[in-house]
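# Analysis of the macromolecular model
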Amino acid sequence: MATSERIFSWSGVDKLGRTAKGEIRATTPAIAKAQLRRQGINVKRVKKKTAPLFTVGERIGTKDVATFTRQLATMTKAGVPMVQAIDIVLDGTDNAAMKTLIEEIRNEVAGGTPVAAALAKHPKHFDELYCSLIAAGEESGTLETMLDRIAVYKEKSEALKATIKKALTYPVATIVVAIVVTGILLINVVPQFASTFESFGSELPAFTQFVVNLSEAVQEWWLIIAGGLVTAVFVFNRLRTTNKKFADSVDAALLKAPIFGAVVRDGVIARYARTLSTTFGAGVPLVEALDATAAAAGNAVYTRAISQIKFDVSAGLPLQQATRATGLFPIFLLQMTTIGEESGTLDEMLGKVADQYEAQVDNAVESLSSLIEPMIMSVLGVLVGGLMIAMYLPIFMLGSVM
């Protein structure tokens, strides 16, 4: 097994007698010195580079994997050998965790392990679909084309995920901001007015009295209220990750949600078309491609539907008929599927469907953003304005009596 390379920092004098320093990758300090001497460096010091003391927040995300795939696709398409391509990508990576992962893959590949097998040793970051496509590319001698296809798929998937996340984040942000602002006013501002009202000696307006009572309740129970909200969020997330029935019901509810349901549904359809287009176009048999597509659907309702499509196709039913039978897919997708099956260009037609629905999601989110921003201001204005009116109402009434 190949010894893992390390990063060494060095200092010395170059061919022109100038002081030079930098970093080099090698297995031992002796090998690092030998490599530097071959470059004409008179080495004064070589020292293993220490890892940063704080690496909080550095983890490998799907975006990192997408970037890695795109860079590798670009290098291999330019004719750079695989090990050298991985080295170049490694040198340009800042994320420490991603650097470690790429280094492990590089060592495996340099030792003679096929790229797909090296990636398969890290299933957390490279799923079965990813590795299967890479293996197909290696076997057919079209690895650079397959990497490019996977890179496009990953980039489109990430862009779609970010767009849908943006659409769902706005209302949550509105609620959180409204709760925080209202809480601050009820705990810190209203009590100041309440102490002033006590000197009036007259009955407060009903609205003002309600706000004062609400303020007293929040001051007394704010810790329990805050704890309850945090607990509710934690329990919800926990149930969604551990209870399949609950997760399925949440997915179904998201599809039926007003306004946002259409965005979620279009996103799932775009993901279905993009995944099936990528896998089928890469030479994966339709039944296996549908299997991978069901796993990548991202919504339990559509996962079950795609699994049913797979079963029907396995029984000999055309894809278009099996898809129509679910009653969940739009006419446009059905028509493009029919054209694709009849002309032998299914992957191309599904790619066009994916482009169409990804554009629809982008447009819908832009529209929602322009609509929700004034709504946020309106909600905050009503809350803050209502509380202020409640506080100043007794003063106005007192002035009118005088």
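Use the structure listed above.
These numbers were taken from a predicted model, which means no experiment stands behind them.

Right, let's talk about the overall build of the protein chain for a bit. A count of helical and extended segments in the protein chain gives 15 helices and three strands. At 30 Å, the protein chain has a C-alpha radius of gyration far larger than the 21 Å of a compact globule built from 402 residues. In terms of overall dimensions, the protein chain has C-alpha extents of about 95 × 70 × 35 Å along its principal axes. Each of the 402 residues in the protein chain was classed as buried or not, and the buried ones make up 39%. Accessible area for the protein chain stands at about 22500 Å²; split by element, carbon and sulfur atoms hold 61% of it. Side-chain charges in the protein chain split into 39 positive and 38 negative, and the spacing between the mean points of these groups amounts to 9 Å.

For helix H4 (residues 96–110), spanning 15 residues, the distance from its first C-alpha to its last is 21 Å, which sits close to the expected 21 Å at 1.5 Å a residue. Residues Met98, Lys99, Leu101, Ile102, Glu103, Ile105, Arg106, Asn107, Glu108 and Val109 constitute the buried set of H4. Backbone nitrogen of alanine 97 and a side-chain oxygen of the N-cap are separated by 2.9 Å at the start of H4; the cap is asparagine 95. After H4 finishes, the residue glycine 112 shows a positive phi value of roughly 100°.

Core analysis: the largest hydrophobic core is formed by 75 residues, its most contacted members being Phe68, Leu119, Phe126, Ile134, Tyr272, Leu290 and Leu319. It is helix H15 (residues 346–401) that contributes the most residues to this core, twelve residues altogether. Core analysis: the second largest hydrophobic core is formed by eleven residues, Leu186, Phe193, Val218 and Met391 among them.

Below, the discussion takes up the pattern of salt bridges. Enumeration over the complete set of coordinates arrives at eleven salt bridges. When the shortest N-O distance is used, the salt bridge between lysine 77 and aspartate 148 registers 3.9 Å. A residue pair is termed long-range when its members are at least 10 positions apart, and lysine 77 in helix H2 (residues 62–77) and aspartate 148 in helix H7 (residues 143–197) qualify at 71 residues. By relative accessible area, lysine 77 is classed as exposed at 56%. Salt bridges here are not isolated pairs; linked through shared partners, they connect Arg70, Lys77, Asp148 and Glu155.

Okay, the packing of aromatic side chains next. By the definition in use, this model includes six aromatic pairs. Aromatic side chains phenylalanine 68 and phenylalanine 126 sit 5.9 Å apart centroid to centroid with 65° between the ring planes, which places their arrangement in the edge-to-face category. Taken as a pair, phenylalanine 68 in helix H2 and phenylalanine 126 in the loop between helix H5 (115–120) and helix H6 (128–140) lie far apart in primary sequence, 58 residues in all. Where tyrosine 302 meets phenylalanine 329, the ring centres are 5.4 Å apart and the plane angle is 85°; that geometry is what we call edge-to-face. Within this pair, whereas tyrosine 302 is found in helix H12 (residues 300–314), its partner phenylalanine 329 is found in the loop between helix H13 (319–326) and helix H14 (331–343), the two being separated by 27 residues in sequence.

Let's shift gears to helix H9 (residues 244–256). Relative to the 18 Å expected for 13 residues at 1.5 Å per residue, H9 spans 19 Å between its end C-alpha atoms, a close match to the ideal helical length. Within H9, burial applies to Ala247, Asp248, Val250, Asp251 and Leu255. Down the axis of H9, the buried set is contained in an arc of 160°. They therefore lie on one face. Away from its buried face by more than 90 degrees, H9 exposes Lys245 and Lys256.

Reading across the sheet, the three strands line up as E2-E1-E3 and stay open at both edges, with antiparallel pairing between neighbours. Either end of the sheet is taken by a strand with one partner, and the two such strands are strand E2 (19–26) and strand E3 (42–48). Each neighbouring strand pair of the sheet contributes to a mean axis angle of 25°, computed without reference to strand direction. Bridge count between strand E1 (residues 6–13) and E3: six bridges; the pairing is antiparallel. Residue pairing across strands places serine 9 opposite lysine 47, the latter belonging to E3.

H12 packs onto helix H10 (residues 260–281) with a crossing angle of 35° between their chain directions and a minimal axis gap of 12 Å. In terms of crossing hand, the pair formed by H10 and H12 is right-handed. In this structure, H10 contributes Arg265, Val268, Ile269 and Tyr272 to the contact, and H12 contributes Tyr302, Ile306 and Ile309. Class assignment for the residues of the contact of H10 with H12 results in six nonpolar, no polar and one charged.

Structurally, glutamine 320 can be placed in helix H13. Accessibility expressed as a relative area gives 13% for glutamine 320, which makes it buried.

Of note, threonine 208 is situated in helix H8 (residues 206–242). Separated by 42 residues in sequence, threonine 208 and valine 250 have C-alpha atoms that sit 39 Å apart.

In this section: a nonpolar patch on the surface. On the surface, Ile175, Ile179, Trp221, Ile224, Ile225 and Leu229 cluster together into a nonpolar patch covering about 590 Å² of accessible area. Counting only elements with at least two residues in the nonpolar patch, the list comes to H7 and H8. Structurally, the position occupied by leucine 229 is in helix H8.

This paragraph deals with the side chain of aspartate 312. Relative to the assigned elements, aspartate 312 resides in helix H12. One buried charged residue, aspartate 312, remains without a salt bridge, the closest side chain of opposite sign being lysine 310 at 12 Å. Once residues within four sequence positions are removed from consideration, aspartate 312 is found in contact with Leu317 and Ala322.

How each quantity is defined
- Residues numbered from 1 in each chain as written.
- Predicted model: local features only at pLDDT ≥ 70, side-chain atom pairs only at ≥ 80, totals over all residues.
- Heavy atoms only, no water.
- Helix = DSSP H or I, 4+ residues; strand = E, 2+ residues; numbered from the N terminus.
- Rg over C-alpha atoms; globule rule 2.2 N^0.38 Å.
- Buried < 20%, exposed > 50% of the residue type's maximum accessible area, 1.4 Å probe, protein only.
- Areas by Shrake-Rupley, 256 points an atom, 1.4 Å probe, with all protein chains shown as cover.
- Lys, Arg positive; Asp, Glu negative; His and termini not counted.
- Charge placed at Lys NZ, Arg CZ, Asp CG, Glu CD.
- Expected span 1.5 Å × (residues − 1).
- Polar contact = N/O pair within 3.5 Å; in protein donor to acceptor, adjacent residues only side chain to side chain.
- Core = buried A, V, L, I, M, F, W, Y, C linked by side-chain atoms within 4.5 Å.
- Salt bridge = Lys/Arg side-chain N within 4 Å of Asp/Glu carboxyl O.
- Phe/Tyr/Trp six-rings, centres within 6.5 Å; stacked < 30°, edge-to-face > 60°.
- Arc of directions from axis to C-beta.
- Pairing = 2+ DSSP bridges.
- Axes fitted to C-alpha atoms, helices over the stretch in contact; angles between N-to-C directions.
- Left-handed = near helix turned anticlockwise from the far one by under 90°.
- Contact = heavy atoms within 4.5 Å.
- Nonpolar A, V, L, I, M, F, W, Y, C, P; charged D, E, K, R; others polar.
- Patch = residues over 30% accessible without salt bridge, like charges linked within 9 Å, V, L, I, M, F, W, Y side chains within 5 Å.

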